[in-house]
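# Observations on the model geometry
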Amino acid sequence: MPFEYRLTAAPMAGISSRVYRDIVRAHGADLAYGEMVSAQALVYQNRKTLELLDITDEQAPRLVQLFGAVPEHVAEAAAIVAELGAQYIDINMGCPVPKVVKNNEGSALLRQPELAERLVKAAATAGLPVTVKMRAGWDGGRVNAVEFAQRMEQAGAAWLALHARTREQFYQGRADWRLIAAVKRAVAIPLIGNGDIFQAGDALAMLEQTGCDGVMVGRGMLGNPWLFADIRAALAGQQPPGRPAPQIIIAQALAHLKEQIQRSEHWLVRREGEDSAAVRALAEKLAVQSLRHHLGWYIKGLRGSADLRRRLNTLTGYAQIKALFAAYLRDGSAAVEDGGSSKP
Ligand SMILES: Cc1cc2nc3c(=O)[nH]c(=O)nc-3n(C[C@H](O)[C@H](O)[C@H](O)COP(=O)(O)O)c2cc1C
């Protein structure tokens, strides 16, 4: 049976929130990974971590990515997220950030396959399929993706996602898709390829060159959920529709902001135990702050976007932002700049 998640949205800390997961699914992603959450923080019932998860009532399929290095924490965290409605548990074995790696978490696990294997088995005790998102290896001299992937398969992983860069590369250089092909040949479980998909043609090329079962889009989806529709079209042999008109981009940015404000209100009202105008105003302010990057990405490539972004960054409320966008569109300055579009 072909793998059902051909087109996935990558987990991205601070980006793949509940609201953005809903958006990319609506634009054609089969599966949207949740941003990484700490197994240890979940076990200690850190409230912010529950807010970060935000999976209650989320549309299926629901995948939670955990990071951790203590099997007992991972087992307990897996049970907690299973209870909350997760359907898949992914373990992060790729995060390169020093404060994660120094605790033996994230990409540090590439150097400790035995511990990595124990973590997969610990997560599986919650009864859900466990998946692994990994990198090519620790550094250029220690590229062990093939052996590591085989080991994860033996440990019981349901599928793997491979970001074909080493930890040492962080996000620099090019992802080495040849490794995706090598891992695909070496394991029987499905493999999702990841790294450097910025347009529909890249997704087709990765599938063709590596034989991977699905593709995962990370940075390419920033401000561009339409990339998923483009890839879907290309997979179906149709012409990708490309990035839409400025009016539609801006309407999407505003809808994103509105949804984010609603989620923010939901959680803040719960946290404060009070539903007042002051709490709602604070929720709005926090949501606007948290969405600044997204708003900047949406408008990238539109005419005058640098000036528009500068103005956006001074605003703290939905109504002001809506008015700024309306004025921008009205002034007729909204045409896409030459070369600014990510149309394939
Ligand atoms: C800002 C940022 C946050 C990320 N957060 C996560 C994360 O929480 N978990 C994870 O496994 N990978 C994370 N990644 C890595 C991406 O999921 C993906 O593997 C990487 O960006 C390569 O794909 P791309 O070339 O399509 O961007 C993050 C990457 C970036 C740039």
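Everything that follows concerns the structure shown earlier in this document.
What you see is a predicted model, and the numbers here were worked out from it, not measured in a lab. (Residues numbered from 1 in each chain as written. Predicted model: local features only at pLDDT ≥ 70, side-chain atom pairs only at ≥ 80, totals over all residues. Heavy atoms only, no water.)

## Quick notes on the site of the ligand
- In the neighbourhood of the ligand, 18 residues make up the surrounding shell, with Ala-13, Gln-65, Asn-194, Asp-196 and Arg-219 lying closest.
- A distance of 2.8 Å is found between an oxygen atom of the ligand and a side-chain nitrogen or oxygen belonging to Lys-133.
- Taking Asp-196, its main chain carries an N or O atom lying 2.7 Å from an oxygen atom of the ligand.
- Coverage of the ligand by the protein amounts to 88% of the 610 Å² it exposes when considered alone.
- In terms of residue class, the shell around the ligand is built from eight nonpolar, six polar and four charged. (Near = heavy atom within 4 Å. Polar contact = N/O pair within 3.5 Å; in protein donor to acceptor, adjacent residues only side chain to side chain. Areas by Shrake-Rupley, 256 points an atom, 1.4 Å probe, with all protein chains shown as cover. Nonpolar A, V, L, I, M, F, W, Y, C, P; charged D, E, K, R; others polar.)

## Examining the packing of helix H1 (residues 18-26) against helix H11 (residues 246-272)
- It is at 9 Å that the axes of H1 and H11 come closest, and there the two elements cross at 140 degrees. Viewed along their axes, H1 and H11 adopt a mutual orientation that is oblique. For H1 against H11, the interelement crossing comes out right-handed. Contacts from Arg-18, Val-19, Tyr-20 and Ile-23 of H1 reach H11 at Gln-252, His-256, Glu-259, Gln-260 and Arg-263. (Axes fitted to C-alpha atoms, helices over the stretch in contact; angles between N-to-C directions. Helix = DSSP H or I, 4+ residues; strand = E, 2+ residues; numbered from the N terminus. Parallel < 35°, antiparallel > 145°, perpendicular 65-115°, else oblique. Left-handed = near helix turned anticlockwise from the far one by under 90°. Contact = heavy atoms within 4.5 Å.)

## Some points on the pattern of salt bridges
- Enumeration according to the criterion identifies 19 salt bridges in this entry.
- Of the charged contacts, one joins Arg-25 and Asp-22 as a salt bridge, the two residues approaching to 2.8 Å between their closest N and O atoms. Taken as a pair, Arg-25 and Asp-22 lie in helix H1 at a separation of three residues, close to a single helical turn.
- On the basis of relative accessibility, which here comes to 8%, the residue Arg-25 falls in the buried class. (Salt bridge = Lys/Arg side-chain N within 4 Å of Asp/Glu carboxyl O. Buried < 20%, exposed > 50% of the residue type's maximum accessible area, 1.4 Å probe, protein only.)

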